[in-house]
Amino acid sequence: MATTPRQTRGGGKASSRDEDRLSDPLIDRDLARRTGGLAEHARRWSILPGSPWLRVVIGVAILLLLALVVTGARAADGFVAVPAHAARVTDQAGMLNPQQRSALDGVLADYERKTGSQIAILLVPSTAPEAIEQYSIRVAEAWKLGRKGIDDGVLLVVAKDNPSSLRRLRIEAGRGVQGTLTDAQSKRVLQDVIAPHFRQGDFYGGLAAGVSAIATLLDKEHFPAPPGAQGSAAPTDGGIASGSASASGGVAGMAQTAGAGGIPGNEGSNATQNAASSRSTNGPGSAGGSGDGGGWSAGWLFPLLLFGVFVVLPMLRGGSRRGLRRGGWGSDATGVLLGAALGNALSAAAHRSSGGSSWGGAGFGGDSGGGFSGGGGTFDGGGASGDW
Amino acid sequence: MRNFLAMSVLATVLLSGCGYNEFQAKDEAVKAQWGEVVNQYQRRADLIPNLVNTVKGYASHERETLEAVTRARASATSVQVTPEVLNNPGALQKFQQAQGELTNALSRLMVVAEKYPDLKADASFRDLQSQLEGTENRITVARQRYIASVQDFNVLARRFPTNLTAKMFGYDVKPSFTVENEKSISTAPTVDFNKK
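1. Looking at the overall build of chain B
When helices and strands are counted, chain B shows eight helices and zero strands. Reading chain B from its N terminus to its C terminus gives the helix and strand order α-α-α-α-α-α-α-α. When each of the 196 residues of chain B is scored for burial, the buried share is 31%.

Below, the structure written as structure tokens:
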């Protein structure tokens, strides 16, 4: 369970980014100011008369606050944040007008309804200081385009103002589509289909042509049809027909794996929308955080319960359980167990808070809940980068 | 019988409480990520014969560069690291060095290829070039994920109280990728405009 937050934030890069962030002098100063304030509080409080227990409690509270401050600082990093995953076409660079945006969105939604494959477009001003492929893999990992197990997601990223060394175009191909949307084909789509339009300033034309080229390539691969495509009697490949939502199509077996993916959505469906928005208020919506939360409480409560029943009770009853007492390691075991439970709980809490705040920073917390989320597809960095 | 039951439940609690299960899960995650790393390096090695042949068609007199790539490929594919040997830093180092040499040889080849306009216009060379680029990116991603999974494992192996479990069962901290040639990166490159 400890792996989830990091993975969703971009694999190994996350660690080095965290260090970068912490070593940022600006943030350091900021942090010092804030933590200095806390230390001030602590000093004032320690003057107060109070039992040692009260002091311990206050100390723990201060530590927790400190942890919150630190994770808050980590969320503000020097890298471009992964945008909220609210629509199939996300335009942060102002390259499309609203009609064009919704037209492209409609085409992509329609394509997903028919084939189940998810294609998304992201237009950002810049990905500096990262190269576009480093940025796009982070987005792809967070958005989880494509269906789980089929991995038929494609992400098209345009970074309009990137310097040429960081590249301005990127197709990120899911694992499952690389049979037809190969690296070479992706490069051709970028260079021969999209780039000519872009060179003339026709962004909409380039994106439309690029999307249809990608869709044509995906059609050559025969992915399993989405449930609901053949009619209302939908065969669910995940084995679970999830109530009213299954009529909207696109809800395969993902709904039951709460944290693993989102619900492959469909704007028309209220049920899906509600599910998606309730999820995003939950925290890292499609990125697996809600499942993490559930696993957290069960994960350490259960051993604690067992510990109570099988260790504490016999000890209280005394005598008869010689096996537990012999060698005098009963108390040691208590310490270790308590330590383990505490350690788990603390680390889980830290993960939860860091996950929550970082996703909030990336815009997930305040997301009003679009009808679109990834289905749990995976990416391995395949695709191509290009320029125009 | 009741004693036995209590003991086995206690053992379960102790082991799961001390992260034994987590060690197993994370160990498997590290192995899986390593498999992906090797897979992508292999993919790159498989591209090279075609690439070399295509370049040879246009630039046969760049023998030295072409042979360097072929040699580096041969030595890189001869170093295989199975997950079982992963705990050995020396083996990982050797693997990394061999692959790093291949990376260097390949980038020299691509620089040389820039000099031949006919080659650059060749459709199959362009395809190979984008495949190579995509594979290099996959390698980067796979390495990052491997580093992250190793870090996860190592944190567990060092953190209290799971470090006690690690000691008890002999789970060592796993080695990870390092920067290939730290020295050459940390020394500033000399720029010489007089050479030509």
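Back to the text.
2. Overview of the sheet that holds strand β5 (residues 379-386) of chain A
Residues and elements named next belong to chain A. Pairing is mixed across the open sheet formed by five strands, whose spatial order is β1-β2-β3-β4-β5. Each edge of the open sheet carries a strand with a single partner, namely β1 (89-91) and β5. Strand-to-strand twist across the sheet, computed as the mean angle between neighbouring axes with direction ignored, equals 15°. As defined by bridge partners, strand β4 (residues 169-174) adjoins β5 across five bridges and the pair is classed as antiparallel. When the bridges of β5 are listed, L169 appears paired with G386. Sitting on the sheet, helix α5 (residues 98-115) touches β1 and β2 (118-124), and the angle it makes with β1 is about 155°. With respect to the sheet, helix α8 (residues 203-220) is in contact with β2 and β3 (153-159), its orientation differing from that of β2 by roughly 150°.

3. Section: the pairing of β3(A)
All names here are of chain A. Most of β3 sits inside the fold, with seven of its seven residues counted as buried. Of the two faces of β3, both are covered, the one formed by G153, L155, V157 and A159 as well as the one formed by V154, L156 and V158. Sheet analysis places β2 next to β3, joined by seven bridges and oriented parallel. Bridge pairing in β3 places L122 opposite V157. With respect to chirality, the unit in which β2 leads through helix α6 (residues 132-143) into the neighbouring parallel β3 is right-handed.

4. Let's talk about the nonpolar core
With 64 residues, the main nonpolar core has I121(A), L122(A), V139(A), V154(A), L155(A), V157(A) and I214(A) as its most contacted residues. With ten residues, the top contributor of residues to this core is helix α6 (residues 123-158) of chain B. Among residues more than four places away in sequence, those in contact with I214(A) are I119(A), V154(A), L181(A) and V189(A).

5. As for α6(A)
All names here are of chain A. Taking 1.5 Å per residue, twelve residues should reach 16 Å; α6 reaches 16 Å between its end C-alpha atoms and fits that length. Burial runs high along α6: twelve of the twelve residues are buried. Positive phi appears at K144, one or two residues downstream of α6, with a value of about 55°.

Parameters at a glance
Numbering of residues starts from 1 in every chain and runs along the sequence as written. The naming scheme follows written order: chains are lettered A onward, ligands numbered 1 onward. Only residues with pLDDT of at least 70 get local features here, since the model is predicted, and only at 80 or more are side-chain atom pairs given and counted; chain-wide, interface and lining totals rely on the full set of residues. Secondary structure is summarised from DSSP: a helix means a run of H or I of at least four residues, a strand means a run of E of at least two, and numbering begins at the N terminus for each. The burial label depends on the number of other C-beta atoms within 10 Å of a residue's C-beta. Counts of 20 or more mean buried, 12 or fewer mean exposed, and intermediate counts mean partly exposed, with C-beta atoms placed from the backbone. DSSP calls a pair of strands paired once it identifies at least 2 bridges connecting them. Lines are fitted to the C-alpha atoms to define the axes, a helix being fitted only along its stretch in contact, and any angle between axes, read from their N-to-C directions, falls within 0 to 180 degrees. Think of it this way: build a C-beta for each residue from its backbone, and any pair within 7 Å is a contact. When the strands point away from the viewer and the path from the first strand over the helix to the second turns clockwise, the crossover is right-handed. Among buried residues, those of type Ala, Val, Leu, Ile, Met, Phe, Trp, Tyr and Cys that are joined through C-beta atoms within 7 Å form a set called a nonpolar core. In a helix, the anticipated span is given by 1.5 Å times the number of residues less one.

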